[in-house]
Amino acid sequence: MSDRHYEPEPALAATAVGGTVDLGVEEAETPKKRPAGPDGPAPQDRPRSLWSDAWRDLRRNPVFIVSGLVILFLVLIALWPSAIASRSPLDCDLSKAQEGSQAGHPFGFDGQGCDVYTRTVHGARTSVAVGVLATLGVAVLGSVLGALAGFFGGIWDSILSRITDVFFAIPVVLGGLVLLSVITSDTVWPVIGFIVLLGWPQLSRIARGAVITAKQHDYVQAARALGASNSRLMLRHIAPNAVAPVIVVATISLGTYIALEATLSYLGVGLKPPSVSWGIDISAASPYVRNAPHALLWPSGALAITVLAFIMLGDAVRDALDPKLR
Amino acid sequence: MGRYVLRRLLQMIPVFVGATLLIFLMVNVMGDPIAGLCGERRCDPATAAQLQREFGLDEPVRQQYLTYMGNVFTGDFGTAFNGQEVTELMSTAFPVTVRLTLIALLFEIVIGVTLGVITGLGRGRPVDTGVLLVTLVVISVPTFVTGLLLQLLLGVKWGWIRPSVSSEAPFDELILPGLVLASVSLAYVTRLTRTSIAENRRSDYVRTAVAKGLPRHRVVVRHLLRTSLIPVVTFIGADIGFLMGGAIVTERIFNIHGVGYQLYQGILRQNTQTVVGFVTVLVLVFLIANLVVDLLYAVLDPRIRYV
């Protein structure tokens, strides 16, 4: 058994090939032993579900509280950026280019004379939108395809495995450059579509593994013996017990997708001006970093804190959902 | 063993074909391969038609792909639109990126594994918590931000290093870019080693080794570390391809003329031959690195046998 235990590792570790930012997944690999549903590990007064247990753990975890608050704040300013930055991010005054911080403009001005504070606040919207929408797309597409392959097995499973192998062999940043450089659009949709296109195989592997593990449990066999249909088995018995690892990986991926969007925008193929994005601002600030480092530092800091918050949230959720660590 | 390698080589074929076909389609169907030839303006229709015939672009895509792959296997990667052979570009670009990747791998293995062993053995100690926190931060900060900040601090503010790399790109100038390229993977290697060591140190063979009275360093290095390295080696194997592809960002920051630079230029100038050629080689490197890693398992863990 012991060498079989290593078997899933290479497959999962290969997800890391995705790219710089996709590496977040590697972390999620630790929950090898899936929470296998209501097996009631602890002698407690009343039966508690995995989810209420996890929630009880999360509420006490300072990492979860801090990252949750940061994310809440980010979502709020993504929805209503003008609440704390009333100016327009496109309202720039070239005569103030590269000036440092001054009254009313705490972060100073960038190379085009735009207010760095306003642009940093407004940049949250694209980052959060790309992260959330891309994660939703990846989670839906990846988990449906992965779950079907894991449930039915056979030829579909083999085909899916080969397709995911193909996607893993292409470096993400490279694929992004090739695919996005030919698309001219000033919306966030091409970037989201691209992330979904290259991100789903990784999640489908996680979902496939989780479904295969859940499928072998006795309660699934029992339900099948009682004559439950495939769809009922899938939705009522397998899905609730296989969804935890998918949620963990998706949360961590959310952070890495935000970083990926910024990286692509930095390379000039992600979002393009006049979109407001931290990646664009960092890219624009890098040539004159000697004169105006603040124009580079503020958006970089915002980006790093955002990604960190999502990765920490994923870490905390994983700890809560992984009974092995209790 | 021989049969296992053969099977793995056969499995690589569909992946190789799929990945190169995907890139080929992306470049040729999504983009306009001859748009780059006429500069900023559109080609006039007659010239465009003639160019298409010249490069065989009027044939169906399937035919184009087969012709291209046929050429690749005879060592002909085609000619870039500026008249340079793609193989010539490769011969200048790959040595630079290989040097950069080697430095990055060295950082990953030496620093990553060492930190992983220290934290894995002292789980819960302040050192462990501190290193974990640092790795989390390193993972969260995108590579291009790390690179720009280190370049600003070490290169511009303190003047410890040259902010950009000269065209020969000797080893010593590549140390900082190598560290930047390795940074995220370094953090993962640390975390993987830590988890693996912490898991294996309770295993029976470690207890046996301790009971035999072996000195501590021998138990750790020969018995514990060897088997614990399996997930780490897996990661590093997959990482080689990623590092070479991910060098696009690092090479751009430090102005290194390697594979990433050529790819970036090729994509911006819509130089399809360059892009497809370089990606084909990268995919091959990735697949072979993964195969080598799988064969290394048996060396690291004697319990693993190939059939």
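Each residue is numbered by its place in its chain's sequence as written, counting from 1. Following the order in which they are written, the chains are lettered starting with A and the ligands numbered starting with 1. Note on the predicted model: pLDDT of at least 70 is required for a residue's local features to be given, and 80 or more for side-chain atom pairs to be given and counted; whole-chain, interface and lining totals, by contrast, use all residues. Side-chain measures here rest on the full set of heavy atoms in the structure, leaving out hydrogens and waters.

- As annotated in an unreviewed UniProt entry, chain B carries the name Oligopeptide transport system permease protein and is attributed to Streptomyces griseoloalbus.
- UniProt positions are given in the numbering used here, feature names are shortened, and annotations may be inferred rather than shown by experiment. Taken directly from UniProt, the Subcellular location (unreviewed entry) text for chain B runs: "Cell membrane".

## A word on the overall build of chain A
Turning to step 1, where the next piece is worked out: Helix and strand counts for chain A stand at 13 helices and zero strands.
Turning to step 2, where the next piece is worked out: When the helices and strands of chain A are listed from N to C terminus, the series reads α-α-α-α-α-α-α-α-α-α-α-α-α.
Turning to step 3, where the next piece is worked out: Sorting the 326 residues of chain A into buried and exposed places 56% on the buried side.
Turning to step 4, where the next piece is worked out: Contacts were defined at the residue level, with two residues in contact if any of their heavy atoms lie within 4.5 Å. Of the contacts formed within chain A by residues at least 6 apart in sequence, a portion of 73% connects residues at least 24 apart. Secondary structure elements are defined from DSSP: runs of H or I of at least 4 residues count as helices, runs of E of at least 2 residues count as strands, and each element is numbered from the N terminus. Note on classification: 1.4 Å probe, protein chains only; a residue is buried when its accessible area is under 20% of the maximum for its type, exposed when over 50%, partly exposed between these limits.

## Describing the UniProt feature "transmembrane region" (unreviewed entry) in chain B
All names here are of chain B.
Turning to step 1, where the next piece is worked out: Within this numbering scheme, the UniProt entry marks residues 12–31, 96–118, 130–154, 174–193, 232–254 and 274–300 as carrying the feature "transmembrane region" (unreviewed entry).
Turning to step 2, where the next piece is worked out: Secondary structure within residues 130–154 divides into 92% helix and 0% strand; the distance between the first and last C-alpha atoms comes to 24 Å.
Turning to step 3, where the next piece is worked out: Counting secondary structure, residues 274–300 comes out at 100% helix and 0% strand; the distance between its end C-alpha atoms is 39 Å.

## Structural notes on the packing of aromatic side chains
In this description, an aromatic ring pair is defined by two values, namely the gap between the centres and the angle between the planes.
Turning to step 1, where the next piece is worked out: Any Phe, Tyr or Trp ring, taking Trp's six-membered ring, that has another such ring centre within 6.5 Å forms a pair; planes under 30 degrees apart are called stacked, those over 60 apart edge-to-face, and the others tilted. In total, this model carries eight aromatic pairs over all chains according to the counting rule given.
Turning to step 2, where the next piece is worked out: When the ring of A:Trp55 is compared with that of A:Phe64, the centres are 6.1 Å apart and the planes differ by 85°; the resulting orientation is edge-to-face.
Turning to step 3, where the next piece is worked out: With relative accessibility at 17%, the residue A:Phe64 sits in the buried group.
Turning to step 4, where the next piece is worked out: Chaining the aromatic ring pairs together yields one cluster made of B:Phe24, B:Tyr65 and B:Tyr68.
Turning to step 5, where the next piece is worked out: A positively charged side chain is recorded as over a ring if its NZ (Lys) or CZ (Arg) lies within 6 Å of the ring centre. The angle to the ring normal must also be within 35 degrees. Over the face of the ring belonging to A:Tyr266 we find B:Arg252, whose NZ or CZ atom lies 5.1 Å from the ring centre.

## Considering the interface of chain B and chain A
Turning to step 1, where the next piece is worked out: Listed by partner, the interface residues are 57 residues for chain B and 55 residues for chain A.
Turning to step 2, where the next piece is worked out: Take a side-chain nitrogen of Lys or Arg and a carboxyl oxygen of Asp or Glu: if they are within 4 Å of each other, that pair is a salt bridge. Here chain B is connected to chain A by one salt bridge.
Turning to step 3, where the next piece is worked out: Across the pair B:Arg191 and A:Asp315 runs a salt bridge, and its minimum N-O distance is 3.8 Å.
Turning to step 4, where the next piece is worked out: Nitrogen and oxygen atoms within 3.5 Å of one another constitute a polar contact, given that in protein one can donate a hydrogen and the other can accept it, and given that sequence-neighbouring residues count only through two side-chain atoms. Counting across the chain B and chain A interface gives two residue pairs in polar contact (both at pLDDT 80 or more).
Turning to step 5, where the next piece is worked out: Only α1 (2–30), α5 (126–140), α6 (143–157), α7 (175–200), α9 (216–253), α10 (259–268) and α11 (272–300) of chain B provide two or more residues apiece to the side of chain B that touches chain A.
Turning to step 6, where the next piece is worked out: Here the side of chain B that touches chain A takes 12 residues from α9(B), the largest share from any one element.
Turning to step 7, where the next piece is worked out: Residue classes follow a fixed rule: Ala, Val, Leu, Ile, Met, Phe, Trp, Tyr, Cys and Pro count as nonpolar, while Asp, Glu, Lys and Arg count as charged, and any other residue, Gly among them, counts as polar. Of the residues assigned to the side of chain B that touches chain A, the class counts are 41 nonpolar, 10 polar and six charged.

## Notes on the pattern of salt bridges
Turning to step 1, where the next piece is worked out: In the structure shown here, the tally under the stated rule is nine salt bridges over all chains.
Turning to step 2, where the next piece is worked out: The salt bridge involving A:Arg318 is made with A:Asp315; its shortest N-O contact spans 3.5 Å. Remark: A:Asp315 and A:Arg318 occur in helix α13 (residues 293–321); sequence separation between them is three residues, near one turn of the helix.
Turning to step 3, where the next piece is worked out: Residue A:Arg318 is classed as buried on the basis of its relative accessible area, which comes to 9%.
Turning to step 4, where the next piece is worked out: Between B:Arg194 and B:Asp128 there is a salt bridge, with its nearest N and O atoms 2.7 Å apart. With B:Arg194 in helix α7 and B:Asp128 in helix α5, this residue pair connects regions lying 66 residues apart in the sequence.

## Focus on the packing of helix α5 (residues 62–79) of chain A against helix α6 (residues 116–152) of chain A
All names here are of chain A.
Turning to step 1, where the next piece is worked out: For the pair α5 and α6, the least separation of the axes is 8 Å and the interaxial angle reads 105°. Judged by the inter-axis angle, α5 sits roughly perpendicular to α6. Where α5 approaches α6, its residues Leu-74, Val-75, Ile-77, Ala-78 and Leu-79 are matched on the opposing element by Val-121, Ala-124, Arg-125 and Val-128.
Turning to step 2, where the next piece is worked out: Along the lines of polarity and charge, the residues of the contact of α5 with α6 split into eight nonpolar, no polar and one charged. Only the stretch in contact is used when a helix axis is fitted, and all axes are lines through C-alpha atoms; the angle between N-to-C directions ranges over 0 to 180 degrees. The cut-offs work like this: below 35 degrees is roughly parallel, past 145 is roughly antiparallel, 65 to 115 is roughly perpendicular, and the gaps in between are oblique.

## Here we look at unusual backbone geometry
Turning to step 1, where the next piece is worked out: With phi around 55°, B:Asn255 is a residue other than glycine that occupies positive phi space.
Turning to step 2, where the next piece is worked out: Note that B:Asn255 resides in the loop between α9 and α10.

## Describing the nonpolar core
Turning to step 1, where the next piece is worked out: With 167 residues, the main nonpolar core has A:Leu303, B:Phe144 and B:Phe278 as its most contacted residues.
Turning to step 2, where the next piece is worked out: Broken down by element, the residue count for this core peaks at 17 residues, all from α9(B).
Turning to step 3, where the next piece is worked out: In this view, B:Phe144 contacts A:Ala259, A:Ala262, A:Thr263, A:Tyr266, A:Ile282, A:Leu303, B:Val249 and B:Ile253; residues no more than four positions away in its chain are not counted.
Turning to step 4, where the next piece is worked out: Among buried residues, those of type Ala, Val, Leu, Ile, Met, Phe, Trp, Tyr and Cys that are joined through side-chain atoms within 4.5 Å constitute a nonpolar core. With 12 residues, the next largest nonpolar core counts A:Ala210, A:Val211, A:Ala223 and A:Ala242 among its residues.

## Looking at the environment of A:Asp91
Residue and element names in this part refer to chain A.
Turning to step 1, where the next piece is worked out: Considering the arrangement of structural elements, one finds Asp-91 in the loop between α5 and α6.
Turning to step 2, where the next piece is worked out: On the basis of relative accessibility, which here comes to 48%, the residue Asp-91 falls in the partly exposed class.
Turning to step 3, where the next piece is worked out: A C-alpha to C-alpha distance of 6.4 Å links Asp-91 and Cys-114, two positions 23 residues apart in sequence.

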